[in-house]
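Fold and geometry: a report
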Amino acid sequence: MILPLWFKVLMVIFLFFLGASVYSFLNVVIFRVPRGEEFVKTRSHCPGCGKLLTPLELVPVVSYVCLGGKCKKCGSRIGIRDVLIEVFGGLSAIASFWIFCQKPVDSLAQVVFGDFYARFLAGLTAFAFIGALTVITYVQNDMGVVKPGTLIALGMIALIGIFTMPEIEIMDRVIGAFSLSIVVAILALLFKNAVPMGLAGMMAIGGFFLGWSKLLFVAAPVALTFAVLEWLLLVILGKKPLGRHYRVVFALSVGLLVAILFGDLILAACGLA
């Protein structure tokens, strides 16, 4: 069925604000977890003066622009990182649903819910996995460790992928889980300041979610390239490349993101599909 242009535009806008709204909550998680604060029951508030935020002050991206990036009461600056994460959430929602809703599926979800909802669930799984990666990345950036709770959430989404993304066989997932995670675990023991042990768990879950081919031929090369470029940049800037400045988890998240959204296209272009 060919959809009219106006409907596609509305869908893009809806998906953007849906993703940005979800990532607005993830921003709360990213901010509060390193500080040991509760992030479900406690309402959003200004970290400067404690003012409870109204619904109009919580509209993703729009509120930041309208408020000029400041708290309405005390004038404290709102970090630009927060709004950039919201924008990324909107874009990841558009990419996840747009890509996976166009892919044919042959899954248990299709048998139970039908073709349309099966495609929707595949996109939702990809979006959720990217969201969990985002939380892991920024919590690790702020704390220097990969929190076990975030890995558990990521692992649960990967298990759901068996139901919603059956094109990856179980054996491929198992091989993907072990193919590089053991190597990363050894590197974490040798280079504790540069490679957190939680990265091995993240690698194992990512490999299970993607399967070994996307992990080895897409995610790993992209992550390695990004890590090397980051290392070179830090050297040029005169910062210590194997200390807290070196965000190897961020590099891996970039690799996994590219593999999730564009892995099939990359493998096909390289004749590996």
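Our subject is the structure listed above.
Description of the structure in this document. (Residues numbered from 1 in each chain as written. Predicted model: local features only at pLDDT ≥ 70, side-chain atom pairs only at ≥ 80, totals over all residues. Heavy atoms only, no water.)

1. Focus on helix H1 (residues 5-32)
Each α-helix winds once per 3.6 residues, and so residues spaced three or four apart point in a common direction. Counted only if it meets this: The secondary structure listing takes helices from DSSP runs of H or I that are at least 4 residues long and strands from runs of E that are at least 2 residues long, numbered from the N terminus. By this rule, a helix spans an expected 1.5 Å times one less than how many residues it contains. Throughout, exposure labels follow a simple rule: accessible area from a 1.4 Å probe, protein chains only, divided by the maximum for the residue type, with under 20% read as buried, over 50% as exposed, and the rest as partly exposed.
Here H1 contains 28 residues, and its C-alpha end-to-end distance of 41 Å stays within 8% of the 40 Å for a straight helix at 1.5 Å per residue. Those residues of H1 that fall on the buried side of the exposure criterion are Leu15, Phe16, Gly19, Ala20, Tyr23, Ser24, Leu26, Asn27, Val28, Val29, Ile30 and Arg32.

2. Remarks on the nonpolar core
Considering soluble globular proteins, one finds that nonpolar side chains tend to be buried as a cluster. So the rule is basically this: We call a set of buried residues a nonpolar core when its members are Ala, Val, Leu, Ile, Met, Phe, Trp, Tyr or Cys and they connect through side-chain atoms within 4.5 Å of each other. Contact criterion: two residues are considered in contact whenever any of their non-hydrogen atoms come within 4.5 Å of each other.
In terms of nonpolar packing, the biggest core is built from 57 residues, with Phe129, Leu154, Leu199, Met202, Leu256 and Ile260 touching the most fellow members. Counting only elements with at least two residues in this core, the list comes to H1, helix H3 (80-100), helix H5 (115-143), helix H6 (148-164), helix H8 (181-190), helix H9 (198-210), helix H10 (212-237) and helix H11 (248-269). Among the elements that take part in this core, H5 stands out by supplying eleven residues, more than any other. Apart from residues lying up to four places away in sequence, Leu256 is in contact with Leu133, Met202, Gly206, Leu210, Leu215 and Ala219.

3. Overview of the packing of aromatic side chains
Any two aromatic rings considered together are summarised by their centre-to-centre distance and by the angle between their planes. We count it as follows: For this analysis, a ring pair means two rings from Phe, Tyr or Trp (six-membered ring only for Trp) whose centres lie within 6.5 Å, classed as stacked if their planes differ by under 30 degrees, edge-to-face if by over 60, and tilted for the remaining angles.
Going through the model one piece at a time under the given rule, you end up with eight aromatic pairs. Arranged with centres 5.3 Å apart and planes meeting at 25°, the rings of Phe97 and Phe120 form a pair that is stacked. With Phe97 in helix H3 and Phe120 in helix H5, this residue pair connects regions lying 23 residues apart in the sequence. Phe120 gets classed as partly exposed once you look at its relative accessible area, which sits at 34%. When the centroid spacing of 6.1 Å and the interplanar angle of 40° are considered together, the rings of Phe97 and Phe127 count as tilted. Taken together, the positions of Phe97 in helix H3 and Phe127 in helix H5 put the pair 30 residues apart, joining distant regions of the chain. Given a relative accessible area of 5%, Phe97 falls into the buried group. Judged by its relative accessible area of 6%, Phe127 falls in the buried class.

4. Quick look at the packing of H10 against H11
As a reminder of what qualifies: Each axis is a line fitted through C-alpha atoms, and for a helix only the stretch in contact is used; angles between axes span 0 to 180 degrees, taken between their N-to-C directions. Here roughly perpendicular refers to angles of 65 to 115 degrees, roughly parallel to angles under 35, roughly antiparallel to angles over 145, and oblique to all remaining angles. Two helices that cross are described as forming a left-handed crossing if the nearer one is turned anticlockwise from the farther one by less than a right angle, and a right-handed crossing if clockwise. Note that Gly is not counted as nonpolar here; it falls among the polar residues with everything else outside the nonpolar set of Ala, Val, Leu, Ile, Met, Phe, Trp, Tyr, Cys and Pro and the charged set of Asp, Glu, Lys and Arg.
It is the contact of H10 with H11, at a shortest axis distance of 7 Å, that shows an interaxial angle of 135°. Looking at the two axes, H10 sits oblique to H11. Handedness of the H10/H11 crossing: right-handed. Along the contact surface, H10 presents Ser213, Lys214, Leu215, Phe217, Val218, Ala219, Val222, Ala223, Phe226 and Ala227, while H11 presents Phe250, Ala251, Leu252, Val254, Gly255, Leu256, Val258, Ala259, Gly263, Asp264, Ile266 and Leu267. In terms of residue class, the contact of H10 with H11 is made up of 17 nonpolar, three polar and two charged.

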